[in-house]
Structures are given as structure tokens and as C-alpha cells.
Amino acid sequence: MLALFLIAVGLTVPRVAGPHYPFARFHMFSQRWTTAPRLVVRDSSGGIDEVDAWAAWDCPEKVDLMRVDLCDDGSRHPEEAHKASDFINSRQRPLPAGTPVEVIRRLYSFPRPGGPPAVEDCVLLRCKASRRSGDGT
Amino acid sequence: MGLDARQLNLWRLGIAAWLALETVLMAAMTASEGGLYKSWLDAPGTIGAITTRPWLIWLIAAVALGGIVDFARRRDGLLGGIIYLVAMAVLDRGFAAAHGTFGLRFYFSGLLLLGWIVGRIAARVLGLDPRRSPAERLEVERFAATAALALFTTAYVNACASKLLAPDLTWHDADHLRLVILSRMMPEGTLSHALQAFLVSHPNAVRFLNVYTLIIEGGAPLLLLGPRIRMVWGTLLLSFHLGVYLSLQIFWGSAIYLVTLLGFPWHRLPWLSARLGPAPAPLTAAPAASRARPLLVFAPLALALLALWLVPIEPLRNPVDTNPADGSTGMQLGARTDRVGPLHAGLPMSAGWQVETLHVTHDAIYAELRAGNTRHVTMGMALASNPSYGSLRDIGDLAIWYQPTDTAPEDFAPAVDALAAFLQTLAPEGQSVAAALQSAAQADGFDIELLQGAP
């Protein structure tokens, strides 16, 4: 009976009082997504990779992928953008022989329920990059 | 639940060790982030003061560690556990202020400790005294362990209930999870990628996983039913966590450790068993709390609490309403105020919306500061723990973001339209809206200096 009582407490407290250690609703992913954004790097052949797959970067200026005027596609993931900006800025150096790449925000959606995903790309940034930190100079 | 003394020892020590580790982790994560936002965090008062002073964070952590050592050493103590919980509750507020989100991964072990302490108290209320005899002490610990496990399972049941009660989610909606997977795709050639690609292209498999997840999470209280079922359900819970890790790259280390600890009879391993104390002697005069009393005491309370689920709590779901009691708003710390320049509580929006409380805190804001960016002010309009953000409006150099809550963005849109129009009036054509808002806010004595600078 004590167990039942505590289960009732554990279910009711976070619902009524909000998250207070150690109570929470744990409602991760319980709000419906209609689109899914993702930051990736596209090279000249159209190949897609993670930002951290490129070890050295040469961009025109300090990178700020969180700028609100970039890709106003109704979707933004600031944490991912912040991490990518930090990653690129911390690896910036001249790469005259680097590979031209684009940092893009890829937006996934499902126009038809259960169907294949639709993909929409928006270019955030054009830089040169190298997969290995020792290359490109 | 048929728990013997060695198993109870293992649980108590295993939980205490994990709590100690998490205390250090939480303190380190709070101290490393908090100092970055000193000026900003002065606003929320006590919590800000704690969060921006690493020595104070570590002092609180030391108090928590002292409490957990006491819990681990004394089988009949209450104070150590209570001190730990209070200290961690304070530390958790600081963590949230520094990170913009609560450290939910630390909550699983907190639930266990709280349940353990409540169980010890309840056993005493029901007439058991751990100081009277070893047998009675064992009975108290059984009581406590059962209570701990009960509270622990509510983390899973809450996760299940949140999905079942979500207004726009259904078990047969495969696209939601497919999108989440797509946003977290791993590089080709990895096991995760293979699984992710399979799930994205097989909606029925995703539907199965939806149902599987609900059953596993919702059935977590079965852990209470005995060692065999506990092993079965523990295995199922671990399979669920493994699946989440492989498909979404989300690793709930705390939950995995605790399910592994609690779900299986490790105390029967010979090398471990010897270290956990002598084999339990049969209880010749096994004490037991009266079975009638717990029924009388707890049944009405449990029913009263569950009855609350029948009461509609709609006001708490309003995304503009950042009432601290609102479970859907997730983050409550940072600057909470009734006025930021021209924005103030009671300001009517449209379609029945009005500003309830101004609430400005967010990882993204902190990230902007850390990156040295000063071009934009970001206002989180409706905060939730789901880190998925949509930009509803960009007004010059000011952005208003919507973060998902139980209210759909389209229902909330009229309020954002009105707010955008209102903010637009602050600055003449071509001028910085953010600067105008900042200037007006400072005139009201509210310092948002660090949020942005004039472009």
C-alpha cells in the first residue's frame, strides 16, 4: 500500500507542481515534431558529413551559425548550431588548398504520413575545410 | 518483495555510491558553467548567487556528500538522506540556472533515495523500530527498499503518461519518431546508422517501437512484484535504453546503472555475497507492521492524489504562463520578472492571450554570450524541456522563438503576432529593436546588458 501511495505521489507531484528535484514528468519527445533540422557539411560532390568530420576550417570570418537571419526556415536548433560554431571557430586557420564545403541546415519532413522523407537544404556558410588538421596548407 | 539483508546492503551501498558520483558531476557541471553568466544570474537572487560562486557550489556538494556517507553507513538513519536531498535540490536549481534545463538524468537516483527515506519513516510510523532488533531493522530496510523502488518506477510511468496524454501524439504516428531519428542520424557504416536507416524506412517498425516503449515504461511498477519479474522487466528496461541509445544516441547512464543494480540478484554472486555480510539468519520472530494500518493510512492518501488526475489543470498548460508550477515550461530559472521595459505582466496580446510573467533564460542566450555574439536578443516565449525550437518571428535583430508545449504553435501564433507588432513599434524604421528594448528595460532598472549590445 505504501508503494501504491508513493507511485501516486510520483505521478501527481510533477504534474501539479512542475519539475522539482527529484520529481519530473520526463516528457522527452512527447511533443510532436513536424520537421527535423540538422546541421551538416556538404562538399562539392554533394556528399554529406558531420561538421566534426572536418578537422580544419578556413572561413571568411568568425562563424556564428546561430544568427537569426540565416535560413529562416521556421526551424532552428540552437544547441547544435552553437556546438558547430564553437567547433569550427576553434579550428580556423588558413587552408589555401582546402576543400570547398558548405555548412547547410538540412530540414526533414514527411509530406505524406508514412512516406519517404522530404529534404530541404539551406546554405548557412561557405568555407574551405580539410578532413585532417595537417592538410591543406 | 523477498529482499534479504545482503541484497538490501548492496542496494543501499550501490545507490549511495552512484549518488556520490552524481553529486560531484552535478557540482562540476554547475561550477564550470555558472561563472560565465555572472551578471545575468545576479537577477534571480539566491540561486544566481549560488550558481556564480563555485566555492559555494562545492560547499553544498560537500554537504550532500556528507549526507550520503551517513546514509550509506547507517541502516536506520534519516538525517543524512534528508540533508542530501535538500542539498541536491538547491544544487539542481543552480544546475538549471547555469544550463537552462534541469538535470533530469540526476533525478532517478534522487527518487530512489527519497523513497528509501520515506520508507524508513513510514516503517517507524507503523510501529517498527530498527533499534529494537536486527530482525526489525531488516524489516524496516525492506520497507524502505520497496518504497524506493516504487518511487523509482514513477520516472518511467511519468514518461509513459506524458506520451499517452500528449494532445498531438498517437501510438500509430510513426512520423514523429522517424523525424527525431533523422535529426540524429549517425555516420554510415555504424550499427546505429543501420538501425536508424531501417527505422526511417519502416514506419510499422517504428509503430511497434512506440507501443513497446509505452508498455515497458508503463509496466515499470512490475519491478515491485518479485525477483523473477524484476529480472524480466529489468531486462526489458535495459533493452529499451539500449534501443534509445542506438537509435537516438541518448544515453541514460543513471537509469541504466540503477536498473542493472536493482533488477538482478547480484548479491548471490559468491565473491560479492561474502563481502555483503553474513548469510541472513531465519527470522524466528519476524516483526511485521500491522497490515491494517498501512491500508488505513495510505489508501485514502493515494486515492486522493490519483483523483487530482481527474481535475483539469489547463491553466498550467498556457505557454505564456510561466507560472513556476507549470510542468510544461520546464525551465523556471534565470531572470523572472513582471517587467522588462515595455513588456509587463498583464500586457494583452490577442486571441485571449496575455503576458503572465516574463521569463528570460535559455541555453541559447548563454551560448550567445559565451560565443561573444552580440548581434541578437533571443526571447524564449514558451519554454519546455524538449530541445526543439522553431523560430516564429524575426523582428530585425530580435527573434521570438516558440518552443513546443502542449499548445500547438498555430494556436499560439496570434499572441506572437501581437507581440511582434508591439515590439516593432519600439524602434523607428531601420533601427535596432533589440537596442530599443534594452534601453527601455534599463530605464526600468532591469539589466539585460549582457544579452546583447547594439549591432
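As the structure is a prediction and not an experimental result, all values here were calculated from the model.

Some thoughts on helix α4 (residues 54-73) of chain B
Residue and element names in this part refer to chain B.
Phase 1 of the analysis: Between its first and last C-alpha, α4 extends 28 Å over 20 residues, near the 28 Å set by a 1.5 Å rise per residue.
Phase 2 of the analysis: Within α4 the residues assigned to the buried category are I57, I60, A61, A64, G67, I68, F71 and A72. Buried residues in α4, looked at end-on, bunch into an arc of 140 degrees, giving them a common side. The exposed set on the far side of α4, more than 90 degrees from its buried face, consists of W55 and R73.

Here's the deal with the nonpolar core
Phase 1 of the analysis: L6 of chain A together with L91, L112 and A147 of chain B are the most contacted members of the largest nonpolar core, which totals 82 residues.
Phase 2 of the analysis: For this core, the secondary-structure elements that each account for two or more residues are α1 (2-17) of chain A together with α1 (5-34), α4, α5 (79-99), α6 (107-125), α7 (134-165), α11 (227-248) and α12 (253-263) of chain B.
Phase 3 of the analysis: The greatest single-element share of this core, amounting to 16 residues, is contributed by α7 of chain B.
Phase 4 of the analysis: With residues up to four places along the chain from it excluded, the contact list for L91 of chain B reads M26, A27, T30, I57, I60, A61 and A64 of chain B.
Phase 5 of the analysis: Core analysis: the second largest hydrophobic core is formed by 18 residues, A81, L95, V103 and C127 of chain A among them.

Quick word on the environment of T235 of chain B
Phase 1 of the analysis: Within the secondary structure, T235 of chain B sits in helix α11.
Phase 2 of the analysis: Residues T235 of chain B and T260 of chain B lie 25 residues apart in sequence; the distance between their C-alpha atoms is 8.3 Å.

Here we look at the packing of α7 of chain B against helix α10 (residues 203-218) of chain B
Residues and elements named next belong to chain B.
Phase 1 of the analysis: Running from N to C, α7 and α10 cross one another at 140 degrees; their axes reach a closest spacing of 7 Å. On the basis of their axis angle, the class for α7 and α10 is oblique. The chirality of how α7 crosses α10 is left-handed. Residue-level contacts link Y156, V157, A159, C160, K163 and L164 of α7 to L214, E217 and G218 of α10.
Phase 2 of the analysis: For the contact of α7 with α10, a count of residues per class yields 6 nonpolar, 1 polar and 2 charged.

Thoughts on the confidence of the model for chain B
All names here are of chain B.
Phase 1 of the analysis: Considering every residue of chain B, the mean pLDDT works out to 74; 63% of them sit at 70 or more.
Phase 2 of the analysis: Here residues 36-44 scores under 50 on pLDDT; set against residues more than four positions off or in separate chains, the count is 22 contacts.
Phase 3 of the analysis: With pLDDT under 50 throughout, residues 313-336 is counted as low confidence; its partners more than four residues away or in other chains account for 76 contacts.
Phase 4 of the analysis: Reported confidences for the modelled complex are a pTM of 0.72 and an ipTM of 0.83.

Things to note about the pairing of strand β4 (residues 99-109) of chain A
Within a regular beta strand, the side chains point alternately toward one face of the sheet and then the other, so they alternate between its two faces.
All names here are of chain A.
Phase 1 of the analysis: Across 9 bridges, strand β1 (residues 35-43) lies against β4 in antiparallel orientation. In the sheet register, A36 faces β4, and the bridge partner there is Y108.
Phase 2 of the analysis: Sheet topology note: the β4/strand β5 (residues 118-130) ladder contains 11 bridges and is antiparallel. Bridged to E102 within β5 is R126.

Considering the sheet that holds β5 of chain A
Phase 1 of the analysis: As summarised here, the arrangement of the 5 strands in space is β2-β1-β4-β5-β3 (chain A), forming an open sheet in which the pairing is antiparallel. Edge positions in the sheet fall to β2 (48-49) and β3 (56-58) of chain A, since each of these pairs with one other strand and no more.
Phase 2 of the analysis: Contacts from helix α8 (residues 174-182) of chain B reach β1 and β4 of chain A within the one sheet, and its direction differs from that of β1 of chain A by about 30 degrees.

Looking at the environment of P54 of chain B
Phase 1 of the analysis: Along the polypeptide, P54 of chain B turns up in helix α4.
Phase 2 of the analysis: Spatially, the C-alpha atom of P54 of chain B lies 7.8 Å from that of S32 of chain B, the residues being 22 residues apart in sequence.

Rules used throughout
Residues numbered from 1 in each chain as written. Chains lettered and ligands numbered in written order. Predicted model: local features only at pLDDT ≥ 70, side-chain atom pairs only at ≥ 80, totals over all residues. Helix = DSSP H or I, 4+ residues; strand = E, 2+ residues; numbered from the N terminus. Expected span 1.5 Å × (residues − 1). Buried ≥ 20, exposed ≤ 12 C-beta atoms within 10 Å, placed from the backbone. Arc of directions from axis to C-beta. Core = buried A, V, L, I, M, F, W, Y, C linked by C-beta atoms within 7 Å. Contact = placed C-beta atoms within 7 Å. Axes fitted to C-alpha atoms, helices over the stretch in contact; angles between N-to-C directions. Parallel < 35°, antiparallel > 145°, perpendicular 65-115°, else oblique. Left-handed = near helix turned anticlockwise from the far one by under 90°. Nonpolar A, V, L, I, M, F, W, Y, C, P; charged D, E, K, R; others polar. pLDDT = per-residue confidence, 0-100. Pairing = 2+ DSSP bridges.

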